[in-house]
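Next come the chains, spelled out residue by residue.
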Amino acid sequence: MTPLKDTIAALATPPGIGALGIIRISGSETIPIVNSVFKGKNLLKAASHTVHLGTIRDDEGTIIDEVLISIFKAPRSYTKEDVIEISGHGSHYVLQNVLNLLILKGARPAKPGEFTQKAFLNGRLDLAQAEAVADLIASENASMQQTAMEQMRGGFSCEIGKLREELIHFASMIELELDFAEEDVAFADRKGLIELIHKIQTLIASLISSFEYGNAIKNGIPVVIAGRPNTGKSTLLNALLNEEKAIVSEVAGTTRDIIEDEIHIDGVAFRFIDTAGIRETNDQVESIGIKRTLTKMKEASVVIYLFDLANESVDSINKQLNNLRTSGVSCLIAGNKVDKANSPLKDHLKEESAVFISAKNRINLEALKERLKTFIRKPSRPLDTIITNTRHLHSLRQTTEALNRTLEGIKLQMSNDLVAQDVRSALHHLGEITGEVTSDDLLENIFSKFCIGK
């Protein structure tokens, strides 16, 4: 049997103890296998989309668990094969016994993502929709959920499908011209092709520009909290997270390693990173922490650079500001301890559009969050589809390059076979997104990242 024909089984709920656990089985032998261990309704005669109460028993008739069987007959199932979901009690020991029994009867353990891979190979989902399934499972906020749901329901695939359909028409006309090359017959309207390419490029450019926002939705925005020792960086992290995540002390140099956690603002995760205070030191461990701070600042999308309004001098602030300007990092300047502020320092930082806060007393933290929201770079125009997948971004960029070559070929009046080759290249890269064009390595790379049981 080929892997596609195999009947597979896996635990579809997280391992561990819980009220319920679900085992999923898919394949042509699903119903006979489960029926052989189920005591209750004869599943061979059961209708699709029905639920049945009974017991799972081994060959000696010993009851392993009392379960509910949900039956979904092909093609009206997630994989377009016969699928059964066994809902039992959430004991790892019990569920493993049931799973072992199913394997003994002819099923094999499913690989990561194999149920969704079957759904793709059987035409239930295209590749972009299949990837959206993993994104939906991993979603941690409303924006991630909405974006993944839109892609899973085919919004992005529909956009790509329309582009391919129009390009395929012109590609077929150019190919037809090649068949009649000796008769010098023109079937493809070059002006129409140029207009179509410009239209496609405009849409692709919008999709590409949405990736930065989509990536922020999916992976969060890394925000480093930096500054000199004792400016209140750890206090600010604790205040933003509403928990005592970092050690707070009057002793300078307390934070020597990176501390991370996140909050969600307008549906986007901001991953806050508390770092060691930046200063000259002979302490070897603290020096390592400071080096890590500088590295994290370069990697971050935003740096909240904190100044101590009660204790720092104007000269010290100017020196730090000059260093920040030359570093090229995106900075949000914040003056801490506003309740004890030295007025000249506060006036000086106003010119830097600083936010003034008290991390300890939680003063003006909402204003700080509002300023952070300005670093969420939303697309220039509203889009129904947001790109969140690096693979999709790469394919769209390669499509754009192929279309640029097509335009250049038409402009230079190059031969039809060369123009057709570039149009085919554009179609190839668009097809990679939805799975019209695939390779075994690509599928293995995508589905191996799924959890087992999905």
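Calculation criteria
Residues numbered from 1 in each chain as written. Predicted model: local features only at pLDDT ≥ 70, side-chain atom pairs only at ≥ 80, totals over all residues. Heavy atoms only, no water. Core = buried A, V, L, I, M, F, W, Y, C linked by side-chain atoms within 4.5 Å. Buried < 20%, exposed > 50% of the residue type's maximum accessible area, 1.4 Å probe, protein only. Helix = DSSP H or I, 4+ residues; strand = E, 2+ residues; numbered from the N terminus. Contact = heavy atoms within 4.5 Å. pLDDT = per-residue confidence, 0-100. Phe/Tyr/Trp six-rings, centres within 6.5 Å; stacked < 30°, edge-to-face > 60°. Lys NZ or Arg CZ within 6 Å of the ring centre and 35° of its normal. Pairing = 2+ DSSP bridges. Axes fitted to C-alpha atoms, helices over the stretch in contact; angles between N-to-C directions. Salt bridge = Lys/Arg side-chain N within 4 Å of Asp/Glu carboxyl O.

1. Digging into the nonpolar core
L236, F270, F272, L368 and L372 are the most contacted members of the largest nonpolar core, which has 31 residues in total. Where this core is concerned, the elements lending two or more residues are α8 (211–219), β8 (221–227), α9 (233–241), β9 (259–265), β10 (268–274), β11 (302–308), β12 (331–336) and α13 (365–373). Counting residues per element, this core draws most heavily on α9, which supplies 5 residues. Apart from the residues lying within four places of it in its own chain, the contact partners of L236 are I225, I304, L306, I357, A359, L365 and L368. By size, the runner-up hydrophobic cluster in this structure holds 30 residues, among which are L163, L203, L393 and L403.

2. Description of the environment of I376
By the secondary structure assignment, I376 is in the loop between α13 and α14 (390–411). Residue classification places I376 among the buried positions, given a relative accessible area of 10%. Between the C-alpha atoms of I376 and A216, which are 160 residues apart in sequence, the distance is 7.5 Å.

3. Quick look at the side chain of T116
By the secondary structure assignment, T116 is in helix α3 (residues 114–121). Excluding anything up to four places from it in sequence, T116 contacts Y78, L125, A130, V133, F447, F450 and K454.

4. Considering the confidence of the model for the protein
The pLDDT averaged across the protein works out to 81; a share of 85% of its residues lies at or above 70. Summarising per-element confidence for the protein, the mean pLDDT is lowest in helix α10 (residues 284–299) (57) and highest in helix α1 (residues 30–35) (97). Counting interchain partners and residues more than four positions distant, the pLDDT-below-50 stretch residues 246–257 has 33 contacts.

5. Points about the packing of aromatic side chains
All told, the structure shown has 2 aromatic pairs when counted by the stated rule. Judged by centre distance (6.3 Å) and plane angle (35°), the ring pair of F120 and F447 falls under tilted. Of the two residues, F120 sits in helix α3 while F447 sits in helix α16 (residues 440–447), which places them 327 residues apart along the sequence. Of the two residues examined, F120 and F447, each falls in the buried class. Centre to centre, the rings of Y305 and F307 are 5.1 Å apart; their planes meet at 55°, and the pair counts as tilted. Judged by relative accessible area, F307 falls into the buried class, the value being 0%. Across from the ring centre of F115, 5.5 Å away, lies the NZ or CZ of R24, which sits over that ring.

6. With respect to the sheet that holds strand β4 (residues 50–57)
Strand order in the open sheet formed by 7 strands is β3-β4-β5-β6-β2-β1-β7, with mixed pairing between adjacent strands. Bordering the open sheet on either side are β3 (38–39) and β7 (108–109), each of which pairs with just one other strand. By the bridge criterion, 2 bridges tie strand β1 (residues 8–11) to β7 in an arrangement that is parallel. Each bridged residue has a counterpart across the sheet, and for A9 the counterpart in β7 is P109. In the packing of helix α2 (residues 92–104) onto the sheet, contacts are made with β1, β2 (18–26), β4, β5 (63–72), β6 (83–90) and β7, and the angle to β2 comes to roughly 15°. Lying over the sheet, α3 contacts β1, β2 and β7, oriented at roughly 140° with respect to β1.

7. Re the side chain of T147
For T147, the location among the structural elements is in helix α5 (residues 142–152). Here T147 is in contact with I217, I386 and T388, once residues within four sequence places are set aside.

8. Notes on the pattern of salt bridges
Evaluated as defined, the whole model comprises 12 salt bridges. With a closest N to O distance of 2.8 Å, D59 and K105 form a salt bridge. Of this pair, D59 sits in the loop between β4 and β5 while K105 is found in the loop between α2 and β7, placing the two residues 46 residues apart along the sequence. Linking K337 and D308 is a salt bridge whose minimum nitrogen-to-oxygen distance equals 2.9 Å. Of this pair, K337 sits in the loop between β12 and α12 (343–350) while D308 sits in strand β11, and the two are 29 residues apart along the sequence.

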